[in-house]
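The lines below spell out each chain.
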Amino acid sequence: MRLTYPVLWSRLGRDASQEQSVKTAAALARQGLEVALLLPRGRSDPELGARDLRAWFGVEGDFQVSQVRTPWGGPNLASSCLWLLQLFRSGRVRSADLLYSRAPAMIGAGQICPIPFATEQYRLWPDEWPFLRRHVRRTAGHRRCLGYILHSEHAAQSYRRAGVPEARLLVAHNGADGGAPPGRAVARERLGLPAGAAIAVYAGRVNPRKGLDQVLALAALRPEVLFLLVGSEGEGPVEVEARRRPNVRIVGWQGPERLPSYLAAADLLLIPASSEPLERFGSSVLPIKTFAYLAAARPILAPRTPDLAGLLVDGGNALLVDPGDPRQAAGALDRILGDPALAARLGAGAAGTASLFGWDSRAERIASFLRRRLAEAQPSG
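The rules behind each value
- Residues numbered from 1 in each chain as written.
- Predicted model: local features only at pLDDT ≥ 70, side-chain atom pairs only at ≥ 80, totals over all residues.
- Heavy atoms only, no water.
- Helix = DSSP H or I, 4+ residues; strand = E, 2+ residues; numbered from the N terminus.
- Rg over C-alpha atoms; globule rule 2.2 N^0.38 Å.
- Contact = heavy atoms within 4.5 Å.
- Lys, Arg positive; Asp, Glu negative; His and termini not counted.
- Charge placed at Lys NZ, Arg CZ, Asp CG, Glu CD.
- Phe/Tyr/Trp six-rings, centres within 6.5 Å; stacked < 30°, edge-to-face > 60°.
- Buried < 20%, exposed > 50% of the residue type's maximum accessible area, 1.4 Å probe, protein only.
- Lys NZ or Arg CZ within 6 Å of the ring centre and 35° of its normal.
- 1 Å grid on protein atoms, 1.4 Å probe; cavity = no way out; pocket = protein on both sides within 12 Å on 5 of 7 lines; lining within 4 Å.
- Points joined across faces, edges and corners; volume = space filled by probe spheres on them.
- Salt bridge = Lys/Arg side-chain N within 4 Å of Asp/Glu carboxyl O.
- Pairing = 2+ DSSP bridges.
- Axes fitted to C-alpha atoms, helices over the stretch in contact; angles between N-to-C directions.
- Arc of directions from axis to C-beta.
- Polar contact = N/O pair within 3.5 Å; in protein donor to acceptor, adjacent residues only side chain to side chain.
- Core = buried A, V, L, I, M, F, W, Y, C linked by side-chain atoms within 4.5 Å.
- Nonpolar A, V, L, I, M, F, W, Y, C, P; charged D, E, K, R; others polar.

Student: Requested: an account of the overall build of the chain, with residues and values cited.
Tutor: Regarding its fold elements, the chain presents 17 helices and 13 strands. Against the 2.2 N^0.38 benchmark of 21 Å for 381 residues, the chain shows a C-alpha radius of gyration of 21 Å, consistent with a compact globule. Based on the C-alpha atoms only, the size of the chain along its principal axes is roughly 70 × 40 × 35 Å. Considering only contacts in the chain between residues 6 or more positions apart, those separated by 24 or more positions represent 68%. Here the chain holds 48 positive side-chain charges and 35 negative ones, and the gap between their average locations is 6 Å.

Student: How would you summarise the packing of aromatic side chains if you had to cite specific residues and measurements?
Tutor: A ring pair, where both rings are aromatic, is described by two values, the distance of the centres and the angle of the planes. The tally for this structure, following the rule as stated, stands at five aromatic pairs. For the pair Tyr 148 and Tyr 159, a centre-to-centre distance of 5.1 Å together with 45° between the ring planes defines the contact as tilted. Taken together, the residues Tyr 148 in strand β6 (residues 145-150) and Tyr 159 in helix α8 (residues 153-161) connect sequence positions 11 residues apart. Across the pair, exposure class does not vary: Tyr 148 and Tyr 159 are buried alike. Lying across the ring of Phe 63, Arg 54 places its NZ or CZ 5.4 Å from the centre.

Student: An account of the layout of surface pockets is needed here, citing residue identities and associated values.
Tutor: Of the volumes computed, that of the second largest pocket is approximately 170 Å³. Taken together, Lys 23, Ala 26, Arg 30, Gly 58, Val 59, Glu 60, Ala 176, Asp 177, Gly 178, Gly 358, Trp 359 and Asp 360 make up the full set of residues lining the second largest pocket. Elements with a minimum of two residues in the lining of the second largest pocket: α1 (16-30) and α17 (359-377). Considering every element that reaches the lining of the second largest pocket, the biggest residue donor is α1, with three residues.

Student: Can you tell me about the pattern of salt bridges, naming the residues and giving the values?
Tutor: Evaluation of the coordinates by the stated rule reveals 24 salt bridges. With its nearest N and O atoms 3.1 Å apart, the salt bridge here joins Asp 15 to Arg 205. With Asp 15 in the loop between β1 (2-6) and α1 and Arg 205 in the loop between β8 (199-203) and α10 (212-221), this residue pair connects regions lying 190 residues apart in the sequence. Across the pair Asp 322 and Arg 304 runs a salt bridge whose closest N-O atoms are separated by 2.8 Å. In this pair, Asp 322 is assigned in the loop between β13 (319-321) and α15 (326-338) and Arg 304 in the loop between β12 (300-303) and β13, connecting sequence segments 18 residues apart. It is possible to trace a salt-bridge network through shared partners that takes in Arg 14, Asp 15, Arg 205 and Glu 233.

Student: Any details on the sheet that holds β8? Residues and values, ideally.
Tutor: Overall, parallel pairing links the six strands, which are arranged β10-β9-β8-β11-β12-β13 in an open sheet. Strands with a single pairing partner mark the edges of an open sheet, and in this sheet they are β10 (248-252) and β13. With strand direction ignored, the average angle separating the axes of adjacent strands in the sheet is 25°. Two elements, strand β11 (residues 268-270) and β12, share two bridges in a ladder whose sense is parallel. The partner of Leu 270 across the bridge, within β12, is Leu 301. Strands β8, β9 (226-232), β10, β11 and β12 of the sheet are contacted by α10, whose axis makes an angle of about 155° with β9.

Student: Could you give an account of helix α7 (residues 133-141), with specific residues and numbers?
Tutor: Of the positions making up α7, those classed as buried are Val 136, Thr 139 and Ala 140. Buried residues along α7 cover an arc of 100° about the axis, so they all sit on one side. Tucked into the core, α7 has its buried residues touching α5 (106-109), β5 (117-121), α6 (125-128), β6 and α8.

Student: Pulling in residues and values, what's your account of unusual backbone geometry?
Tutor: You will see that Ala 297, though not glycine, has its phi angle at about 60°, which is positive. Residue position: Ala 297 is located in the loop between α14 (289-295) and β12.

Student: Could you give me a rundown of the environment of Ala 50, with the residues and numbers involved?
Tutor: Position of Ala 50 among the secondary structure elements: in helix α2 (residues 50-57). Sequence spacing of Ala 50 and Ser 66 is 16 residues, and the spatial spacing of their C-alpha atoms is 8.5 Å. Setting aside residues no more than four positions away along its own chain, Ala 50 makes contact with Phe 63 and Val 65.

Student: How would you sum up the side chain of Arg 102? Please name residues and give values.
Tutor: Along the chain, the position of Arg 102 falls in the loop between β4 (98-101) and α5. Comment: no salt bridge for buried Arg 102; closest opposite-charge side chain is Glu 120, at 4.6 Å. Separated by 2.8 Å, the side chains of Arg 102 and Gln 20 make a polar contact. Ignoring anything within four residues of it in the chain, the contact list for Arg 102 reads Tyr 5, Ser 17, Gln 20, Ser 21, Glu 120, Gln 121, Tyr 122 and His 151.

Student: Tell me about the nonpolar core, and name the residues and values.
Tutor: Grouped together as the largest cluster of nonpolar side chains are 62 residues, with contacts concentrated most on Phe 227, Leu 229, Leu 270, Leu 301 and Leu 312. Core analysis: the second largest hydrophobic core is formed by 36 residues, Val 7, Ala 27, Ala 50 and Ile 366 among them.

Student: Outline empty space enclosed by the protein, listing residues and values.
Tutor: Counted under the stated rule, the structure contains two cavities of 30 Å³ or more. There is about 80 Å³ of room inside the second largest cavity. Looking at the lining of the second largest cavity, the elements with two or more residues in it are α10, β12 and α15. Each residue belonging to the lining of the second largest cavity can be placed in one class, and the counts come to 11 nonpolar, one polar and no charged.

Just geometry here; none of it tells us what the structure is for.
Next comes the structure, spelled out in structure tokens:
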């Protein structure tokens, strides 16, 4: 099966959407699909190949990369629509068996795609923008549409409410990279972190849209705990505020070869106890870092939000707290640090959950769904 996968970015970056697309492409290639990533290339964009993407994101898989000259590209809706339209008219798309893309513009533009297509989405677009519901239904009902692949059950419910038939929906959670995490003592020595300190780690984008005000409020309540914010890309408002707190340390973005050590060095891992990333910004729906956290086999402290509810179990693989309540979060942190048996149970529960969500098993489910839907879409006789 030849699958073409247009993306909206033209330069290597640290956005989770890039990581997710490349890891999906690599995993589908490992399932035996012929995968070609199509990257827009403007006049000043660098030359990129599959080797560059494999090295940057630390993946293996025999996918191909093609750069297409275009004045379009990027996340802007109008530009992404024009980029897709350019591709739809090109032989690069028409020679494939199907097109696969996570571009939001596919919700509308898919209706003019010249070949069978599937679109992967993580946001609750039909709920966020109710006027899109008609387009969501029309695209799902198009004869070339194989279906929507959603990152969470929470997102899938939005598309069901919009009227997408169940047969054209697949919930495929993101995955975690394989390999046993290093031990805590080894990781701390490797990173030069204090061996006996209580350490809480957040890993991800460091900006106000991620609810990090709640982590800083938690740090103010527990000055004896060292908080690491891993993933900084500059001196933004979160960094400025964090540097005022002696027990908060800012760490720059870490590549795939070093990030597991920071996660393994933690006594607990933090998903900010805020509902704003989900409810106000809509940009963090079951964040991809959740799966890396699970694979690290460390206790997780997270908010009780509907996107996480399908994955994190309070007392099983995490402790969940009400969003926006730093004192409740501080109490949960105390429970983890003060009860080694609880911490061990939560870490084991996290590892057990991670074993269910690998990139390869995800790709196997997606490939099976696409093959089935392609077969069903073939005209009879």
